[in-house]
Amino acid sequence: MQAAWTIATILGGLGLFFAGSEMLTGNLRSLANRRIQMEIARVASSIPAGLMWGAILGAITQSTQIVTFILVGLLMARMIDARRALPMIVGANVGSSLIIFVVTLDIEIVVLLALGGSGILMTMHRFQNWQVALRAIFGLCLLYYGLVLLKMGAAPIAEEPFFKELMAGAGGSPMAALAIGAVLTVISQSSVSVSLLAIAFAASGLLSFEQTVMVAYGTNLGSSIATWLLSGQIRGTARQVAMYQFAFNIVGCIVLIPLFYTEVAFGFPPFMAAVQSLSDDVGQQIAFAYLFFNMIAGLVLLPLIGPSERLLARLYPPTEQEDESRLAFLSEHAAANPEIGVIMAEKEQLRLLGRLPRYVELARAGGSAAQGLALKTLREGFRSVHKQAALYIDDMSDYRLTAENQERVYRILDRHSRLDSLEAAFAEFALAAPLMQASDALENTRVALIEGLDAVLLSFIEAMASGDPEDMALVESITGDRGALMEGVRRQFLSDETLTLGREEKLGLLQLTGLFERLIWMLREMAQKAPLDTLREES
């Protein structure tokens, strides 16, 4: 019966721990929204500010990996540069350590009150706007009580003779503890969660203090391995941040693991002894060891920010596609001035319009593997710029603008939505064009549709850039309804019994004529409803 109770208690504790950890992390992650990211990009202009905001973001997300990839996104959006991102990595590692102190405090009464209060408030409709914060608190309480149950369930195991013999035979095995911490962190993607589990086992006597310290070191090593694996597809400047996070924990291990063995062998330097002197509670001791690991690694790397930046820039230079995926005009400085922000947004949109003829060029090139790769790269760059620009454009509706500029902002928002649909349609056109290549009878029609669309598109872009009334009138005249014309083309080929068209050729004919008709209509709609007024006034 005692064995069943022990197993049930451990399983219940694990269930509460992982459920609480998931609820806490998921809801805290939601708090690190776009506005917080943009505020960080605006104010983190110095090393102290970067450390502070990195620590805040690390405390909020409880994951250095999440912070790393938030910074990767900001870097790719040109909202920060690598020199400003690196101190934030240091701060995030320290900030993410704080939750261990909270969980290891003896605050059961406070946790019970918070568990009951947050659970009740979560069910009340009037507190719907506070759901994210309430769920985070509830998750933290579940995590805390999961650890309490783990300690209760694991304590009897530590007194069993078989376990004592096992630990004696292992000889303490700090390196095994290091490896276990690293592997579990790679699997769970959370160094904090694995460290908290180790603390629970140490409090129950399953792990010695020295083994638990090495598990904590191993979690940091595992976090670096996980970051390296997750960043495998990142190239160029953005990879610099991921590799700095990878190096951060490696530096901590290089410094502290030899010190660990030196102290075990010779009693000097008395690092672990100093940690144990700070508290009688083993959980607090491990929390301090975890914190000091990150602080020591930070102290080593902070004076080397400049050299680190230069080394990373040499190892991971910008890629050829990087500029294609970045904003050229919008930035935090441009967005700080509403009038300038409106102008820069329209310039960014005109830049995106200027990429559309490349889709037509790919339609000419045919359906080769190279064409498919080029289209994929082109689309990734377009969508990256479109998404980054949307961050600034969405905020423009909050600007305090004149009535004229407010109307202009609404047109920018409308145009940005139309650009997304337009790009998707041009990509479909480029994919559909090769379907007609196999038929000699359809070749002239295919060429006519591609060249016709190219001519209309170039005239459209020129008119949008200049805003000249004559150019806009020309666009209106050449973007008239093509429905009847395209229907005639389809009937001509599909009803001709002398032509033998395969399934793919028929599909290509239907798709290409339908897309041609839709694209001409979309260009007309944008020219009429969302012209680039700012650029016209500038010229």
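Residues numbered from 1 in each chain as written. Predicted model: local features only at pLDDT ≥ 70, side-chain atom pairs only at ≥ 80, totals over all residues. Heavy atoms only, no water.

**Q** Please provide a residue-by-residue account of the overall build of the protein chain, values included.
**A** Assigned secondary structure in the protein chain consists of 26 helices and 0 strands. For the protein chain, with 539 residues in total, the buried portion stands at 50%. Contacts spanning at least 24 positions in sequence make up 80% of the contacts within the protein chain whose residues lie at least 6 apart. Only carbon and sulfur atoms are counted for the fraction: they give 63% of the accessible area of the protein chain, which is about 24,900 Å². (Helix = DSSP H or I, 4+ residues; strand = E, 2+ residues; numbered from the N terminus. Buried < 20%, exposed > 50% of the residue type's maximum accessible area, 1.4 Å probe, protein only. Contact = heavy atoms within 4.5 Å. Areas by Shrake-Rupley, 256 points an atom, 1.4 Å probe, with all protein chains shown as cover.)

**Q** How would you summarise the side chain of serine 279 if you had to cite specific residues and measurements?
**A** Following the sequence through the fold, serine 279 ends up in the loop between helix 14 (271–277) and helix 15 (282–301). If we ignore the near neighbours within four places in the chain, the residues touching serine 279 are Gln284 and Gln285.

**Q** How would you sum up the packing of helix 12 (residues 209–230) against helix 15? Please name residues and give values.
**A** Across the interface, helix 12 lies against helix 15 with an axial gap of 10 Å and an inter-helix angle of 40 degrees. Crossing angle aside, the handedness with which helix 12 passes helix 15 is right-handed. Between helix 12, through Phe209, Thr212, Val213, Ala216, Tyr217, Thr219 and Asn220, and helix 15, the contact on the second element is made entirely by Val282, Gln285, Ile286, Ala289, Tyr290, Phe293 and Asn294. Taken together, the residues that form the contact of helix 12 with helix 15 break down as 9 nonpolar, 5 polar and no charged. (Axes fitted to C-alpha atoms, helices over the stretch in contact; angles between N-to-C directions. Left-handed = near helix turned anticlockwise from the far one by under 90°. Nonpolar A, V, L, I, M, F, W, Y, C, P; charged D, E, K, R; others polar.)

**Q** Could you give an account of the pattern of salt bridges, with specific residues and numbers?
**A** Pairs can form between side chains of opposite charge once their charged atoms are near each other. Tallied over the entire structure, the rule returns 14 salt bridges. Between arginine 364 and glutamate 451 there is a salt bridge, with the nearest N and O atoms lying 2.7 Å from each other. Note that arginine 364 is positioned in helix 19 (residues 356–365) and glutamate 451 in helix 22 (residues 440–466), a separation of 87 residues in sequence. Across the pair glutamate 525 and lysine 529 runs a salt bridge, and its minimum N-O distance is 2.8 Å. With glutamate 525 and lysine 529 both in helix 25 (residues 503–529) and 4 residues apart, this pair spans about one turn of that helix. Assessed through its relative accessible area of 45%, lysine 529 is described here as partly exposed. (Salt bridge = Lys/Arg side-chain N within 4 Å of Asp/Glu carboxyl O.)

**Q** Tell me about a nonpolar patch on the surface, and name the residues and values.
**A** Taken together, the side chains of Ile180, Val183, Leu184 and Ile187 define a hydrophobic patch exposed on the protein surface, amounting to about 380 Å² of accessible area. Here valine 183 shows up in helix 10 (residues 174–188). Valine 183 gets classed as partly exposed once you look at its relative accessible area, which sits at 49%. (Patch = residues over 30% accessible without salt bridge, like charges linked within 9 Å, V, L, I, M, F, W, Y side chains within 5 Å.)

**Q** Which residues make up the nonpolar core, and what are the values?
**A** In globular proteins that are soluble, nonpolar side chains generally tend to be buried together. Core analysis: the largest hydrophobic core is formed by 58 residues, its most contacted members being Leu353, Leu422, Phe426, Phe429 and Phe460. Breaking this core down by element, the ones donating at least two residues are helix 18 (338–353), helix 19, helix 20 (369–396), helix 21 (403–432), helix 22, helix 23 (469–478), helix 24 (483–494) and helix 25. The contact partners of phenylalanine 426, leaving out residues within four places of it in the chain, are Leu356, Tyr359, Val360, Leu453, Leu457 and Leu519. If you look at the next biggest cluster of nonpolar residues, it comprises 41 residues, including Ala177, Ala198, Val213 and Tyr290. (Core = buried A, V, L, I, M, F, W, Y, C linked by side-chain atoms within 4.5 Å.)

**Q** Describe the packing of aromatic side chains, with residues and values.
**A** Here the structure, examined in full by the defined rule, presents 5 aromatic pairs. Ring centres of phenylalanine 260 and tyrosine 261 lie 5.4 Å apart, and the angle between their planes is 80 degrees; on these two criteria the pair is classed as edge-to-face. Its relative accessible area of 33% is what places tyrosine 261 among the partly exposed residues. Plain terms: the ring middles of tyrosine 359 and phenylalanine 382 are 6.5 Å apart, the flat faces sit at 85 degrees to each other, and that makes the pair edge-to-face. Note that tyrosine 359 is positioned in helix 19 and phenylalanine 382 in helix 20, a separation of 23 residues in sequence. Just as tyrosine 359 is buried, phenylalanine 382 falls in that class too. Three or more aromatic residues joined by ring pairs make a cluster, and in this case those are Phe271, Phe288 and Phe292. The cationic tip of lysine 347 hangs over the ring face of phenylalanine 329; the distance from NZ or CZ to the ring centre is 5.9 Å. (Phe/Tyr/Trp six-rings, centres within 6.5 Å; stacked < 30°, edge-to-face > 60°. Lys NZ or Arg CZ within 6 Å of the ring centre and 35° of its normal.)

**Q** Which residues make up the environment of arginine 355, and what values go with them?
**A** Relative to the assigned elements, arginine 355 resides in the loop between helix 18 and helix 19. With a relative accessible area of 3%, arginine 355 lands in the buried category. When the C-alpha positions of arginine 355 and glycine 381 are compared, they lie 9.8 Å apart, and in sequence the two are 26 residues distant. Look past the residues within four positions of arginine 355 in its chain and what remains in contact with it is Asp323, Glu324, Gly381, Phe382 and Val385.

**Q** Outline helix 18, listing residues and values.
**A** The end-to-end C-alpha separation of helix 18 is 23 Å, in line with the 22 Å expected for 16 residues at 1.5 Å each. Of all the positions in helix 18, only Pro338, Gly341, Val342, Met344, Ala345, Glu346, Glu348, Gln349, Leu352 and Leu353 are classed as buried. (Expected span 1.5 Å × (residues − 1).)

**Q** I'd like a rundown of helix 5 (residues 82–95), residues and numbers included.
**A** End to end, helix 5 covers 20 Å across 14 residues, agreeing with the expected 20 Å (1.5 Å per residue, within 8%). Across the 14 residues of helix 5, 12 count as buried, placing the element largely inside the fold. Burial in helix 5 covers these residues: Ala82, Arg84, Ala85, Leu86, Pro87, Met88, Ile89, Val90, Gly91, Ala92, Asn93 and Gly95.

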